[in-house]
Amino acid sequence: MHFPKQIEIIEVGPRDGLQNEPIFVSTEKKQTLVKLLAKTRVKRIETASFIHPNAVPQMADAKEMVRFSVEQGLSFLALTPNKKALELAIQNHVSQIAVFVGASETFNQKNIRRTIDESLAECTEMFMRAKEEQLFIRGYVSMCFSCPYEGVISYDQVKKVVSHFVQHGVDEISIGDTNGQANPKIVYERFLKLREDFPQIIFVGHFHDTNGLALPNILAAIQAGVERFDASISGLGGCPFSPGATGNVATEKVVSMLHQMGIETGIDERNLAEASAFVKTLFK
Ligand code: MG
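The rules behind these values
Residues numbered from 1 in each chain as written. Predicted model: local features only at pLDDT ≥ 70, side-chain atom pairs only at ≥ 80, totals over all residues. Heavy atoms only, no water. Helix = DSSP H or I, 4+ residues; strand = E, 2+ residues; numbered from the N terminus. Rg over C-alpha atoms; globule rule 2.2 N^0.38 Å. Contact = heavy atoms within 4.5 Å. Areas by Shrake-Rupley, 256 points an atom, 1.4 Å probe, with all protein chains shown as cover. Lys, Arg positive; Asp, Glu negative; His and termini not counted. Charge placed at Lys NZ, Arg CZ, Asp CG, Glu CD. Axes fitted to C-alpha atoms, helices over the stretch in contact; angles between N-to-C directions. Parallel < 35°, antiparallel > 145°, perpendicular 65-115°, else oblique. Left-handed = near helix turned anticlockwise from the far one by under 90°. Nonpolar A, V, L, I, M, F, W, Y, C, P; charged D, E, K, R; others polar. Buried < 20%, exposed > 50% of the residue type's maximum accessible area, 1.4 Å probe, protein only. Pairing = 2+ DSSP bridges. Donors = N, O, S within 2.8 Å, 3.2 Å for Na, K, Ca; no water. Patch = residues over 30% accessible without salt bridge, like charges linked within 9 Å, V, L, I, M, F, W, Y side chains within 5 Å. Salt bridge = Lys/Arg side-chain N within 4 Å of Asp/Glu carboxyl O. Phe/Tyr/Trp six-rings, centres within 6.5 Å; stacked < 30°, edge-to-face > 60°. Lys NZ or Arg CZ within 6 Å of the ring centre and 35° of its normal. Expected span 1.5 Å × (residues − 1). Arc of directions from axis to C-beta.

If you tally the helices and strands in the chain, you get 11 helices and 10 strands. Against the 2.2 N^0.38 benchmark of 19 Å for 284 residues, the chain shows a C-alpha radius of gyration of 17 Å, consistent with a compact globule. Projected onto its principal axes, the C-alpha positions of the chain cover 45 × 45 × 35 Å. Taking as baseline every contact in the chain between residues at least 6 positions apart, the subset at least 24 positions apart corresponds to 75%. Split by element, the accessible area of the chain, about 11800 Å² in all, is 51% carbon and sulfur. Separation of charge centres in the chain, based on 30 positive and 33 negative side chains, amounts to 2 Å.

Two numbers describe how helix H2 (residues 27-39) lies on helix H11 (residues 269-279): the axes approach to 8 Å, and their chain directions differ by 165°. When the axis of H2 is compared with that of H11, the two are roughly antiparallel. In this structure, the crossing between H2 and H11 has a hand that is left-handed. Residues Lys29, Thr32, Leu33, Leu36, Leu37 and Lys39 of H2 form the contact with H11, whose participating residues are Asn271, Glu274, Ala275, Phe278 and Val279. Of the residues belonging to the contact of H2 with H11, the class tally is six nonpolar, two polar and three charged.

Attention now moves to the side chain of Ser232. Position of Ser232 relative to the elements: it lies in the loop between strand E10 (228-231) and helix H10 (251-260). A residue is classified by how much of its surface remains accessible, and Ser232, at 0% relative accessible area, is buried. When neighbours within four sequence positions are excluded, Ser232 is seen to be in contact with Glu11, Val12, Gly13, Gly17, Asn248, Val249, Ala250, Thr251 and Glu252.

A few words now on the sheet that holds strand E1 (residues 8-11). In space, the eight strands of this closed barrel follow the order E1-E2-E3-E4-E5-E8-E9-E10, with parallel pairing throughout. For this sheet, the mean angle separating the axes of adjacent strands, direction not counted, is 30°. The pairing of strand E9 (residues 202-207) with E10 spans two bridges and is parallel. The residue of E10 that forms the bridge with Gly205 is Phe229. In this fold helix H8 (residues 184-197) packs onto strand E8 (172-177) and E9, with an angle of close to 160° to the strand it touches most, E9. Each of E1 and E10 is contacted by H10, which is oriented at about 170° to E1, the strand it contacts most.

For the magnesium ion, the protein coordination sphere consists of Asp16 (OD), His206 (NE2), His208 (NE2) and Asn248 (OD1), at 2.1 to 2.3 Å. Taken in chain order, the donor set of the magnesium ion reads D-x189-H-x1-H-x39-N.

Moving on, we get to a nonpolar patch on the surface. A cluster of nonpolar side chains, contributed by Met1, Phe3 and Met261, occupies part of the molecular surface with about 340 Å² of accessible area. Mapped onto the secondary structure, Met261 falls in the loop between H10 and H11.

It is worth spelling out the packing of aromatic side chains at this point. Evaluation of the coordinates by the stated rule reveals four aromatic pairs. Between the aromatic rings of Phe127 and Phe165, the centroid separation amounts to 5.8 Å while the plane-to-plane angle is 40°, which identifies the pairing as tilted. In this pair, Phe127 sits in helix H6 (residues 116-132) while Phe165 sits in helix H7 (residues 155-167), placing the two residues 38 residues apart along the sequence. Between the aromatic rings of Phe145 and Phe207, the centroid separation amounts to 6.4 Å while the plane-to-plane angle is 25°, which identifies the pairing as stacked. A residue pair is termed long-range when its members are at least 10 positions apart, and Phe145 in the loop between strand E5 (136-142) and strand E6 (146-147) and Phe207 in strand E9 qualify at 62 residues. Each of the two residues, Phe145 as well as Phe207, counts as buried. By way of ring pairs, the aromatic residues Phe145, Phe191 and Phe207 are connected into one cluster. A cation over an aromatic ring shows up here: Lys110 above the ring of Tyr149, its NZ or CZ 5.1 Å from the ring centre. The ring of Tyr140 has Arg138 lying over it, and the distance from NZ or CZ to the ring centre is 5.0 Å.

This brings us to the pattern of salt bridges. Counting across every chain of the model gives 19 salt bridges. When the shortest N-O distance is used, the salt bridge between Arg15 and Glu46 registers 3.0 Å. Residue Arg15 is located in helix H1 (residues 13-17), and its partner Glu46 is located in strand E2 (residues 44-49); the two are separated by 31 residues in the primary sequence. Across the pair, Glu46 and Arg15 agree in class, each one buried. One salt-bridge network, in which partners are shared between bridges, spans Glu8, Arg44, Arg138, Glu172, Arg228 and Asp230.

Attention now moves to H8. Its 14 residues place the ends of H8 20 Å apart at the C-alpha level, agreeing with the 20 Å of an ideal helix rising 1.5 Å per residue. All of the buried residues in H8 are Val187, Arg190, Phe191 and Leu194. Relative to the axis of H8, the buried residues are bounded by an arc of 95° and lie together on one face. Facing away from the buried side of H8 by over 90 degrees, the exposed positions are Lys185 and Glu196.

Okay, structure coming up:
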């Protein structure tokens, strides 16, 4: 088996996690959470989304969250689902953006209300603009293994979106098991193929723990050479547009497993426990 010395964890709780919570968490509490997460020494945190507040009211305080992240000197990501969002991000001094496109046509239409081709065309324009501003670009591909509407997703469906991202200069690509239905075999095979077809690209594993298989899936992805993973404090979040999906894999679980295997993440587990305890107070 293959065990790298280091794995990078990207904390997505404050955005991908909280966006699924129907109860609005105050900006002050979100900022406390981000502060506690920064204290764990996690390298990057996804702290905001410039999605329209009507679509995801929880993310209405994107500007405040970004201002705070800049003030704190954090290395942070902000989700920019469209051109308007990208302009807002630029105005607010974001240096790392993230966009998402589904590998499943039906999911993409329900989630983003566009066909995959329409989404990719918008990404082309956004990436050009982001490059002008020298931004770091993360591409999220959702539903890379299966989809609640379409069932099994083929490798070619994933490859289509990945190819487009690669062609237009994305810096890293997060491969999402958005509904948590993947298993270690498909994860291993899919990441091997992706790495074979796109050897120059950095892939990130993004797993949900719906079937309790997130950790085995992470281990399988590591075997295929993946060295970056998204995780969410306390397993916060699912996806409001993906029926039945439970939360992202919990950062604590991933970090604990990796550290037990002697793989460094740079994250302080005691501080992580403190952040996790704070999450439990968010919805009270
Ligand atoms: Mg997620």
